[in-house]
Amino acid sequence: HTATLLPGEDGILDTEDDFVLLMGGRDGSHARHDSEVFLFSSITKEFIPVETESEPTPRFEHTSHQIGDGNSLLLVGGRLDDRLNGVIEHLEVHVTKSDEGFEAVATTSPLGQLRFPRHQHASILFQDSEQPLLLIYGGYGGSLGTPHVPLTVENCRILAAPEAFRIRTHSGDARRLLLASGADLPGPRRGLHLFPLD
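K.L.:
Would you mind going over the sheet that holds strand S12 (residues 133-137) with me for this structure?
P.N.:
Spatially, S11-S12-S16-S17 is the arrangement adopted by the 4 strands of the open sheet, whose pairing is antiparallel. Edge positions in the sheet fall to strand S11 (122-126) and strand S17 (173-176), since each of these pairs with one other strand and no more. Adjacent strand axes in the sheet meet at a mean angle of 25° when their direction is disregarded. Two elements, S12 and strand S16 (residues 163-168), share 4 bridges in a ladder whose sense is antiparallel.

K.L.:
Explain the side chain of serine 123 to me, please; I cannot follow it from the model alone.
P.N.:
Note on placement: serine 123 falls in strand S11. Looking at serine 123, its side chain comes within polar contact range of the side chain of threonine 63, at 2.6 Å. For serine 123, the side chain forms a polar contact with the side chain of histidine 65, separated by 2.6 Å. Apart from the residues within four sequence positions on either side, serine 123 is in contact with Thr63, His65, Val76, Leu134, Leu135, Ile136 and Leu194.

K.L.:
It is not clear to me how the pairing of strand S6 (residues 72-76) should be interpreted in this structure. Could you clarify?
P.N.:
Successive side chains on a regular strand alternate, one facing one side of the sheet and the next facing the other. In terms of burial, S6 is a largely internal element, 5 of the 5 residues being buried. When strand S5 (residues 63-67) meets S6, the two strands line up antiparallel, connected through 5 bridges. Across the sheet, the residue bridging to threonine 63 is valine 76, located in S6. Following S5, the chain reverses through 4 residues before pairing antiparallel with S6; glycine 68 in that reversal takes a positive phi of roughly 75°. With 5 bridges joining them, S6 and strand S8 (residues 87-98) adopt antiparallel strand pairing. The residue of S8 that forms the bridge with leucine 75 is glutamate 89.

K.L.:
Can you walk me through the nonpolar core in this structure?
P.N.:
In globular proteins that are soluble, nonpolar side chains generally tend to be buried together. Membership of the largest hydrophobic core comes to 15 residues, with the highest contact counts inside it found for Phe19, Leu21, Val37, Leu91, Val93 and Val95. Among the secondary structure elements, those contributing two or more residues to this core are strand S2 (19-23), strand S3 (35-39), strand S4 (47-52), S6, S8 and strand S9 (101-113). In contact with phenylalanine 19, not counting residues within four places along its chain, are Thr4, Leu5, Leu6, Gly8, Val37, Phe38, Leu39, Phe40, Asn71, Val93 and Val95.

K.L.:
What is the right way to read a nonpolar patch on the surface from this model?
P.N.:
A cluster of nonpolar side chains, namely Leu5, Leu13 and Phe40, defines an oily patch on the protein surface of about 240 Å² accessible area. With respect to the helices, strands and loops of the structure, phenylalanine 40 is situated in the loop between S3 and S4.

K.L.:
Hey, could you run me through the side chain of histidine 119 in this one?
P.N.:
On the secondary structure map, histidine 119 appears in strand S10 (residues 118-119). In this structure, histidine 119 is in contact with Glu61, Gly78, Arg79, Leu84, Gly139, Tyr140 and Leu151, ignoring residues within four places of it in sequence.

K.L.:
What exactly am I supposed to notice about the pattern of salt bridges here?
P.N.:
Any two side chains of opposite charge can pair, so long as their charged atoms come close to each other. Scanning all chains against the criterion turns up 7 salt bridges. In this structure, aspartate 81 and arginine 26 form a salt bridge, with 3.3 Å as the shortest nitrogen-oxygen distance. Within this pair, whereas aspartate 81 is found in the loop between S6 and strand S7 (83-85), its partner arginine 26 is found in the loop between S2 and S3, the two being separated by 55 residues in sequence. Accessibility expressed as a relative area gives 33% for aspartate 81, which makes it partly exposed. Residue class for arginine 26 comes out partly exposed when judged on its relative accessible area of 41%. For aspartate 34, the salt bridge is made with arginine 32, and the minimal N-O distance between the two is 2.4 Å. Its relative accessible area of 32% is what places aspartate 34 among the partly exposed residues. You can call arginine 32 partly exposed: its relative accessible area is 33%. Linked through salt bridges whose partners overlap, the residues forming this network are Arg118, Glu163 and Arg176.

K.L.:
What's the story with the environment of arginine 168 in this structure? I'm lost.
P.N.:
Within the secondary structure, arginine 168 sits in strand S16. For arginine 168 and serine 98, which are 70 residues apart along the polypeptide, the C-alpha to C-alpha distance reads 33 Å. Residues within four places of arginine 168 in sequence aside, it is in contact with Gln131, Asp173 and Arg175.

Criteria and cut-off values
- Residues numbered from 1 in each chain as written.
- Predicted model: local features only at pLDDT ≥ 70, side-chain atom pairs only at ≥ 80, totals over all residues.
- Heavy atoms only, no water.
- Pairing = 2+ DSSP bridges.
- Helix = DSSP H or I, 4+ residues; strand = E, 2+ residues; numbered from the N terminus.
- Axes fitted to C-alpha atoms, helices over the stretch in contact; angles between N-to-C directions.
- Polar contact = N/O pair within 3.5 Å; in protein donor to acceptor, adjacent residues only side chain to side chain.
- Contact = heavy atoms within 4.5 Å.
- Buried < 20%, exposed > 50% of the residue type's maximum accessible area, 1.4 Å probe, protein only.
- Core = buried A, V, L, I, M, F, W, Y, C linked by side-chain atoms within 4.5 Å.
- Patch = residues over 30% accessible without salt bridge, like charges linked within 9 Å, V, L, I, M, F, W, Y side chains within 5 Å.
- Areas by Shrake-Rupley, 256 points an atom, 1.4 Å probe, with all protein chains shown as cover.
- Salt bridge = Lys/Arg side-chain N within 4 Å of Asp/Glu carboxyl O.

Any link to function would need more than the numbers given here.
The following block contains the structure:
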C-alpha cells in the first residue's frame with residue numbers, strides 16, 4: 001500500500017489537522033481498492049475508513065503523491081491481481097467532524113493512462129507550476145495498448161523507458177509529454193526510488 005501525508009483542512013503541513021491516507025495494498029488474496037485515514041488530532045488515534053462514491057482502481061506496488069495545496073493525491077500504476085494497472089487517478093479526500101465522530105469521504109477520477117502499465121516502479125512529482133510534472137521510471141511492465149495488461153512473461157519485462165506527464169487536475173487529465181528516443185535512463189530496473197535534488 002502507500003501512506004501519504006496530507007495537510008488537512010488548513011492546507012498546511014505539520015499542524016494538528018494533518019492526516020495520513022493509506023491506499024490500496026494486498027490483503028493476502030486480492031488487490032485492495034479501499035483506503036483509510038489516520039488522524040493525528042484524534043484522541044483515540046483510530047483509522048477511519050474512507051467512503052467513496054466511485055471506487056478507485058484496485059492496486060498494490062503502486063506509487064502516490066500529494067498534489068497541490070489541498071488533500072489531493074495521485075495514484076500511479078501498480079498491480080491488480082493478475083494484471084498490471086496503467087491508470088493515473090486523482091483522489092481528493094475530505095475529513096469532517098460531527099457529534100458521531102470523524103468522517104472521511106473521497107472523490108476519484110481517472111486522469112490518464114501510462115504507455116507502459118507497471119509496478120515496482122518509481123515516480124516523482126515536481127510541483128513547480130500550475131501543471132505539476134510527473135516522471136515515472138523503471139518497474140516491471142509492458143504494453144498492449146490498454147490500461148490493464150495481463151501479468152505474463154510474454155507481455156512484461158523490466159523497463160528502462162521513462163514517461164512524463166503534465167498533470168491538470170482542473171481539466172481532469174494528464175497530458176503525456178514526448179521524450180526523445182535516447183531519453184532512456186541508465187538501465188532497466190525495478191524496486192527503485194527517485195529523489196529530487198533541487
